[in-house]
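# Secondary and tertiary structure notes
Each chain, letter by letter, is given below.
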Amino acid sequence: MFQSRQNRQNELEIVTIEELVPENHLLRKIDHYIDFSFIPEKVRPYYCEDNGRPSLDPLVLFKMMFIGYIYGIRSERELERQIQTNVAYRWFLGLNLTDSVPHHSTISWNRRMRFHETDIFQEVFDEIVHQAMNHRMVSGRVLYTDSTHLKANANKKKFSRKEVHVETADYIEELNEAVEQDRADHGKKPLKDKEEVKKTKEIKVSHTDPESGYLYRDHKPEGFFYLDHRTTDIKYNIITDVHITPGNIHDSKPYLQRLDRQIKRFGFHVEAVGLDAGYLTSPICHGLAQRKVFGVIAHRRYQSRKGFIPKWKYKYEEDPDHYICPQGEMLTYATTDREGYRHYKSDPAKCKACPLLAQCNQNHNHQKTITRHVWEGSKEQVRQNRLSNEGKWIYRMRKEKIERSFADSKELHGLRYCRLRGKQKVSEQALLTAACQNMKKIALHLDRLS
């Protein structure tokens, strides 16, 4: 028979908030398996012990932010509205049905004022990684690193052009020593001291977010972006490092420093790493060799001039240190330049009569020159690693690890673009997003085991 269920909203019921939250709710699992007791102790130095009004419980404040990043809620105002009506959110925060929800401005004020220029968000992220390690979910033996672009909160058409100095590479002193040693080994005189000339370049600076960088790459969107440099562990894909740079910084620049930070911070014994082709540089390959890490880096294809013989057809022989051209002639060592490249040159008399001269070079002296970096041996070893059975397996797993992590953060947690402006605020967003992804993985994994 027909029945109407209208006007039941005003009926009184005796119910607890505990009964209204499903037993298998994600927030129940996170609350059960993640220990949040470290948060009050870490933020205690930022609060006054004996002055001012009583503060909002910092644990509630951070849990509110966790809810926002777990469910990809786009703003703090919207977060406040959803907590008002969502029973599970109230339960997670320890609020009753009639308790008032903390105002959204409390989150923004603490973020802008109390925690400004502090490492609290990095400390929270690191603590979650330590909890994953305690649950044997992180091995620290094989790590995957890559970067993804985050759209800055800035209009790409509003900018000014500025001349800036090009920063000196971190490895320049080590490279200079390697160059001098290489010249000495070949019986060459040391290079004369040269007055350092600071190089400059012109960049676009956003009027809205000056700390962002203008990204212009093939197959990438153009505009002002930040880069999220992320590392994940092979075992359960736990994120072990997050680092934010402007969008115009090369992927490889902060890599070795961030790898060293993880080794020092978490005590990792890294045996192998899987990287994209953007990391295939001589300094990184040399750095991995120094750290005795099995590097697996994707192949980078260089386009040779059409109609000319590619460089890979010239065979290098380490002993006695020369190249052999396709016609079987030698290119012998000539010198090592300041940039760390050895120069190997052919005999012009033999090249002049060579039938492949037109495909080899157009030098008016008929002399072929090939360059080889002093750390090229490390790069060649990385190429061999990629072709080994272990290397093929490590690289094949890359799309299931680091690429999957980026996809989840963008599709499920709102990390497709930057909510706020400034490198530090973007870093906070990226760190908390990664921390929440790790919380989910820990909670869901331990729940399956129970």
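For the structure, check the block above.
The sections below set out a description of the structure shown in this document. (Residues numbered from 1 in each chain as written. Predicted model: local features only at pLDDT ≥ 70, side-chain atom pairs only at ≥ 80, totals over all residues. Heavy atoms only, no water.)

### Concerning the environment of Arg53
- Note that Arg53 resides in the loop between α3 (38-43) and α4 (58-70).
- Spatially, the C-alpha atom of Arg53 lies 45 Å from that of Lys204, the residues being 151 residues apart in sequence. (Helix = DSSP H or I, 4+ residues; strand = E, 2+ residues; numbered from the N terminus.)

### Structural notes on the pattern of salt bridges
- According to the stated counting rule, one finds 25 salt bridges in the structure shown.
- For Arg261, the salt bridge is made with Asp126, and the minimal N-O distance between the two is 2.8 Å. Residue Arg261 is found in helix α10 (residues 255-266), and its partner Asp126 is found in helix α8 (residues 120-134); the two are separated by 135 residues along the sequence.
- For Arg261, a relative accessible area of 22% translates into the label partly exposed.
- Across the pair Asp260 and Arg291 runs a salt bridge whose closest N-O atoms are separated by 2.8 Å. You can see Asp260 sitting in helix α10 and its partner Arg291 sitting in the loop between α11 (282-290) and β8 (294-297), a full 31 residues away along the chain.
- The class for Arg291 is partly exposed, based on a relative accessible area of 28%.
- What you see here is one network of salt bridges that share partners, running through Asp126, Asp241, Arg258, Arg261 and Arg265. (Salt bridge = Lys/Arg side-chain N within 4 Å of Asp/Glu carboxyl O. Buried < 20%, exposed > 50% of the residue type's maximum accessible area, 1.4 Å probe, protein only.)

### As for the packing of helix α2 (residues 26-33) against helix α17 (residues 423-449)
- Two elements in contact, α2 and α17, have axes whose closest approach is 9 Å; the angle formed by their N-to-C orientations is 90 degrees. One element, α2, and the other, α17, form an angle in the roughly perpendicular class. Counting all contacts with α2, which are made through Leu26, Lys29, Ile30 and Tyr33, the residues of α17 involved are Met439, Lys440, Ala443, Leu444, Leu446 and Asp447.
- In the contact of α2 with α17, the residues fall into seven nonpolar, no polar and three charged. (Axes fitted to C-alpha atoms, helices over the stretch in contact; angles between N-to-C directions. Parallel < 35°, antiparallel > 145°, perpendicular 65-115°, else oblique. Contact = heavy atoms within 4.5 Å. Nonpolar A, V, L, I, M, F, W, Y, C, P; charged D, E, K, R; others polar.)

### Overview of the state of the cysteines
- This structure, assessed with the given rule, holds zero disulfides.
- Between Cys325, a free cysteine, and Cys354, which holds the nearest cysteine sulfur, the sulfur-to-sulfur gap is 6.1 Å.
- Its relative accessible area of 15% is what places Cys325 among the buried residues. (Disulfide = S-S within 2.5 Å.)

### Quick word on the sheet that holds strand β10 (residues 322-324)
- In spatial order, the strands read β9-β10-β11-β12-β13; together these five strands make up an open sheet with antiparallel pairing. Edge positions in the open sheet fall to β9 (315-317) and β13 (369-373), since each of these has one partner strand only. Strand after strand, the sheet turns through a mean of 35 degrees between neighbouring axes, direction not considered.
- Here three bridges tie β9 to β10, and the two strands are oriented antiparallel to one another. Looking across to β10, one finds that Lys315 is bridged to Ile324.
- On the sheet, helix α9 (residues 172-185) packs against β11 (330-336), β12 (341-345) and β13 and is oriented at approximately 125 degrees with respect to β11. (Pairing = 2+ DSSP bridges.)

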